[in-house]
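Letter by letter, the chains look like this.
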Amino acid sequence: MANPNIVAVTTIYGTTTYYTPTGTTAVVLLANTASSGKVYKINQIVAANTTTSAANATVSIYTNGAVAQGSAPSGGTAYPVVSAVSVPANASLICVDKTTAIYLQEGTSISITSGTASSLTFSISYEDIS
């Protein structure tokens, strides 16, 4: 797993994506595959509860689990950033913002878990740096 030198950047693309887990087990929100030659700077992760009941949100950095969005992490260890925090009904939780930015290296991913199926939509805004 390389760690690209971000001083020698040739491109930076701003991207936002989102996912609503349909189950209650960890799934990948964003993966940086091995040998991508990229680093992702995570600027913001938000968990929005679209239901009338509170739901718990967990966001983790997952080592060695860079698989497609919505898939279960393939291996490695989860390191929680936010762990089982209750998101009130019809409210949002800012899990990561620019003051707590994270660099996602090759071969790692951001995984998410919703305590109640289909109740939380997670959005992630990041810079794709290469």
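Notes on the structure in this doc start here. Quick caveat, the model's predicted, so the values are computed rather than measured.

So, how was this worked out
Here the residue numbers are simple positions, counted from 1 along each chain's written sequence. Only residues with pLDDT of 70 or above have their local features reported here, since the model is predicted, and side-chain atom pairs are shown and tallied only from 80 upward, although totals for entire chains, interfaces and linings are computed over all residues. Side-chain numbers come from the whole structure's heavy atoms, not from hydrogens or water. Exposure categories follow from relative accessible area, calculated using a 1.4 Å probe and restricted to protein chains: below 20% of the type maximum is buried, above 50% is exposed, and the middle band is partly exposed. One speaks of a salt bridge when a side-chain nitrogen belonging to Lys or Arg is within 4 Å of a carboxyl oxygen belonging to Asp or Glu. A helix here means a DSSP run of H or I that spans at least four residues, while a strand means a run of E at least two residues long, and both kinds are numbered starting from the N terminus. In this text, buried Ala, Val, Leu, Ile, Met, Phe, Trp, Tyr and Cys residues form a nonpolar core when linked through side-chain atoms within 4.5 Å. Residue contacts are counted whenever heavy atoms from the two residues lie within 4.5 Å of one another.

Topic: unusual backbone geometry
Argument step 1. Phi at Ser35 takes a positive value of approximately 65°, unusual for a residue other than glycine.
Argument step 2. A relative accessible area of 70% means that Ser35 is categorised as exposed.

A short note on the pattern of salt bridges
Argument step 1. Summed over all chains, the structure comprises one salt bridge.
Argument step 2. Residue Asp128 is joined to Lys38 by a salt bridge in which the shortest nitrogen-to-oxygen separation is 3.2 Å. In this pair, Asp128 is assigned in strand β9 (residues 120-129) and Lys38 in the loop between β2 (27-32) and β3 (39-49), connecting sequence segments 90 residues apart.

A closer look at the nonpolar core
Argument step 1. Membership of the largest hydrophobic core comes to 22 residues, with the highest contact counts inside it found for Leu30, Ile42, Ile45, Val59, Ile110, Phe122 and Ile124.
Argument step 2. In this structure Ile110 touches Val27, Val28, Leu29, Leu30, Ile45, Val59, Ser60, Ile61, Leu104 and Ile124, once residues within four positions along its chain are discounted.

A few points about the side chain of Asn43
Argument step 1. Among the structural elements, Asn43 can be located in strand β3.
Argument step 2. Asn43 sits in the buried class, given a relative accessible area of 9%.

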